[in-house]
Amino acid sequence: MTVVRSVAAEAAEFGKTFRGTLMRPGDAGYEEARKVHNGLVNKRPALIAQCSDTADVADAIRLAQRLGLEVAVRGGGHNVAGRATIDGGVMIDLSLMKAIKVDLERRRVHAQGGVTWAELNRETQRHGLAVTGGIVSSTGIAGLTLGGGLGWLMGKYGLALDNLASLELVNALGGLIRTSKTEEPDLFWAARGGGGNFGIATTLEYQLHSVGPTITGGLIAYPFDRSRDVLSLYRERTSSLPDEQILFATLAHAPDGSGVKLAAMVTCHCGSLAAGELAMRPLKQFDTPAMDGIGPMAYCELNSMLDTAYPKGAFNYWKSTFLRELSDDALRTMIDCFARCPTPMGQLVIEHIHGAAARVGVEETAFPHRQEGYNFLILTQWLDVAMTDRCIAWTRDTYAQMEPFAASGKYVNYLGDDEGMDPVPAAYGSNYRRLRELKSKYDPKNCFRMNQNIRPSA
Ligand SMILES: Cc1cc2nc3c(=O)[nH]c(=O)nc-3n(C[C@H](O)[C@H](O)[C@H](O)COP(=O)(O)OP(=O)(O)OC[C@H]3O[C@@H](n4cnc5c(N)ncnc54)[C@H](O)[C@@H]3O)c2cc1C
């Protein structure tokens, strides 16, 4: 009771200078603001500070310190483990911070920490420019980039974080630090992969590249009983892709909600339209597809093509791992597991990583997974709460069946909330020790711990 009263008193004082919106339980807007993408996450912060600028972010951190409350930071709110929010703490919400400034001369863009990929791509594509970003356009640029950033352009231009030119971070004391390869370079190294452990990114500056606006891409789907051949074709094609092309495979359901299972590939070729057309031929000519949506399209259209399949508020439970190899046994196991998928929104995804993303050295950034290969993701979604136990059980069982084919690494941005043993060492591999040392230097009290936490070394 005493704590609640002091929160109320501090909040009232704080509200006099704070330019954003400060909400407590019961306030108008609180119930909506506390929600994140994953409907399974149901946390109730003591305060939600919806910031309007960097000064607000700094003030919100100081307020949390004064109140002795823990902090969570919200960018796009897509993190499936729900690390953007917190029970009883302060949610520092950047979702209103939407400024985007394109510098055409230097081919750079400055974007605030609440921007989504839809918003960033819209601005940069007006000039025929883009940077590697998320495949679903409602995802936040901040969380995705700070943890890695797999996307359509990574074969040609590397991960999202490989394109960061600088960051403005608010630290645990409310101070502002600018970091780049030449300013606080250790911090810049750690923040590129460290996933929010090293401060609140209020502005992210990216290098831009010429992309489209028309690229070649889309989705092609075959009947589920052709899965083995589709996945074998996928394996063959991904053994020799040009940097311009990214190709993912998925066992998924028809988008009409009928529950019909399909074997599909989704792809983007960001080179010339002629080269794109040539690259897509083997995918199209392999058999008669159930659905063929591959062709020239606007890059922004490709970026939002899958959005409706991932509605905000759906229940999500994910598990993922990098694979050692895509053997026949692994493919067979995937197909058998998917045949038992209990939800028409469930899918198994194979993401192929190659090209520029795989040419960066393991120690060049904190993100260590730089070998060409495959990431395997069980992406389980459902809408009926009564399905929760079945969906979680299926995800766990599928993961257990696929474990014999797993490599040791995991992608930090896909980690769930119940990974058993601490999954963070596997997410950082040989970079973990240096990350812990830098955490001790830049956040010794572990203020930023509502994330996949890198604990300060003793
Ligand atoms: C539908 C869907 C599609 C996805 N597609 C892709 C994809 O194509 N490629 C890919 O690589 N990943 C993808 N992801 C995973 C995605 O990278 C992570 O969920 C990521 O955490 C989302 O970032 P966010 O800002 O939206 O999330 P949030 O939940 O807001 O934040 C995620 C984490 O980052 C921290 N964080 C957020 N903003 C900041 C900030 N400004 N400063 C410091 N820390 C911050 C948070 O505290 C939290 O720990 C997808 C996720 C979903 C749900």
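Residues numbered from 1 in each chain as written. Predicted model: local features only at pLDDT ≥ 70, side-chain atom pairs only at ≥ 80, totals over all residues. Heavy atoms only, no water.

An account of the site of the ligand is requested, with residue identities and associated values reported.
Looking at the ligand, there are 33 residues lining it, with Val 73, Gly 75, Gly 77, Leu 150 and Tyr 411 nearest. Here Gly 75 contributes a backbone N or O atom positioned 2.7 Å from an oxygen atom of the ligand. Between an oxygen atom of the ligand and a main-chain N or O atom of His 78, the distance comes to 3.2 Å. Its free accessible area being 940 Å², the ligand has 97% of it covered by the protein chains. Residue assignment for the shell around the ligand shows that the elements contributing at least two residues are β3 (71-74), α5 (141-147) and β10 (200-207). It is α5 that provides the largest number of residues to the shell around the ligand, a total of four residues. When grouped by side-chain class, the residues that make up the shell around the ligand number 16 nonpolar, 15 polar and two charged. (Near = heavy atom within 4 Å. Polar contact = N/O pair within 3.5 Å; in protein donor to acceptor, adjacent residues only side chain to side chain. Areas by Shrake-Rupley, 256 points an atom, 1.4 Å probe, with all protein chains shown as cover. Helix = DSSP H or I, 4+ residues; strand = E, 2+ residues; numbered from the N terminus. Nonpolar A, V, L, I, M, F, W, Y, C, P; charged D, E, K, R; others polar.)

For the domain arrangement of the protein chain, give the residues involved together with the corresponding values.
What the domain assignment reports for the protein chain is domain 1 (2-93), domain 2 (100-211 + 433-442) and domain 3 (215-414). Here the C-alpha centroids of domain 1 and domain 2 sit 23 Å apart. At the junction of the two partners, domain 1 supplies 11 residues and domain 2 supplies 14 residues. The contact between domain 1 and domain 2 buries some 990 Å² in all, and 63% of this surface belongs to carbon and sulfur atoms. Interface area lost by domain 1 to domain 2 is led by Thr 54, Ile 61 and His 78, which between them contribute 43%. Between the two partners, domain 1 and domain 2, sit zero salt bridges. Across the contact surface, domain 1 and domain 2 share four residue pairs in polar contact (both at pLDDT 80 or more). Ranked by the residues each element gives to the side of domain 1 that touches domain 2, the list is headed by helix α3 (residues 54-67), at six residues. (Domains from an automatic or database assignment. Contact = heavy atoms within 4.5 Å. Buried area = accessible area lost by both parts, 1.4 Å probe. Salt bridge = Lys/Arg side-chain N within 4 Å of Asp/Glu carboxyl O.)

So what about the pattern of salt bridges? Which residues, and what values?
Summed over the entire model, instances satisfying the criterion amount to 29 salt bridges. When the shortest N-O distance is used, the salt bridge between Arg 434 and Asp 186 registers 3.0 Å. Of the two residues, Arg 434 sits in helix α14 (residues 432-442) while Asp 186 sits in helix α7 (residues 185-191), which places them 248 residues apart along the sequence. Here Asp 229 and Arg 226 are joined by a salt bridge, their closest N and O atoms 2.7 Å apart. One salt-bridge network, held together by shared partners, links Asp 103, Arg 106, Arg 108 and Glu 205.

Outline the nonpolar core, supporting the account with residue identities and numerical values.
Among the nonpolar cores identified, the biggest contains 37 residues, and Leu 120, Leu 167 and Tyr 206 are the most heavily contacted of them. Counting residues per element, the ones that place at least two in this core are β6 (108-112), α4 (117-125), α5, β8 (164-170), α7, β10, α13 (424-428) and α14. Looking at this core element by element, the count peaks at five residues for α7. The residues contacting Tyr 206, other than those within four sequence positions of it, are Arg 107, Arg 108, Val 109, Trp 117, Leu 120, Val 131, Ile 141, Thr 145, Ala 160, Asn 163, Leu 164 and Ala 165. Formed by 33 residues, the second largest nonpolar core is a distinct cluster that contains Ile 220, Ala 330, Ile 350 and Tyr 399. (Core = buried A, V, L, I, M, F, W, Y, C linked by side-chain atoms within 4.5 Å. Buried < 20%, exposed > 50% of the residue type's maximum accessible area, 1.4 Å probe, protein only.)

Residue-level account of the state of the cysteines, with values.
Tallied over the entire structure, the rule returns zero disulfides. We note that Cys 51 lacks a disulfide partner, and the nearest cysteine sulfur, in Cys 447, lies 13 Å from it. For Cys 270, which is in no disulfide, the shortest distance to another cysteine sulfur is to Cys 268 and amounts to 5.7 Å. (Disulfide = S-S within 2.5 Å.)

Residues and numbers for the packing of helix α11 (residues 328-339) against helix α12 (residues 388-402), please.
Look at α11 against α12: their axes get within 10 Å of each other, and the N-to-C directions meet at 165°. Of the possible angle classes, the one that applies to α11 and α12 is roughly antiparallel. Here α11 and α12 pass one another in a crossing that is right-handed. The residues of α12 that touch α11, namely those facing Ala 330, Thr 333, Met 334, Cys 337 and Phe 338, are Trp 394, Thr 398, Gln 401 and Met 402. Residue composition of the contact of α11 with α12, by class: six nonpolar, three polar and no charged. (Axes fitted to C-alpha atoms, helices over the stretch in contact; angles between N-to-C directions. Parallel < 35°, antiparallel > 145°, perpendicular 65-115°, else oblique. Left-handed = near helix turned anticlockwise from the far one by under 90°.)

Give me the sheet that holds strand β2 (residues 47-50): which residues, what numbers.
Within the open sheet, the four strands sit side by side as β1-β2-β4-β3. Their pairing is mixed. Of all the strands in the sheet, the pair left with one neighbour each is β1 (21-23) and β3. Between one strand and the next, the sheet's axes are offset by a mean angle of 15°, whatever the strand orientation. In this structure, β1 lies alongside β2, joined through three bridges in antiparallel fashion. Across the sheet, the residue bridging to Thr 21 is Gln 50, located in β2. (Pairing = 2+ DSSP bridges.)

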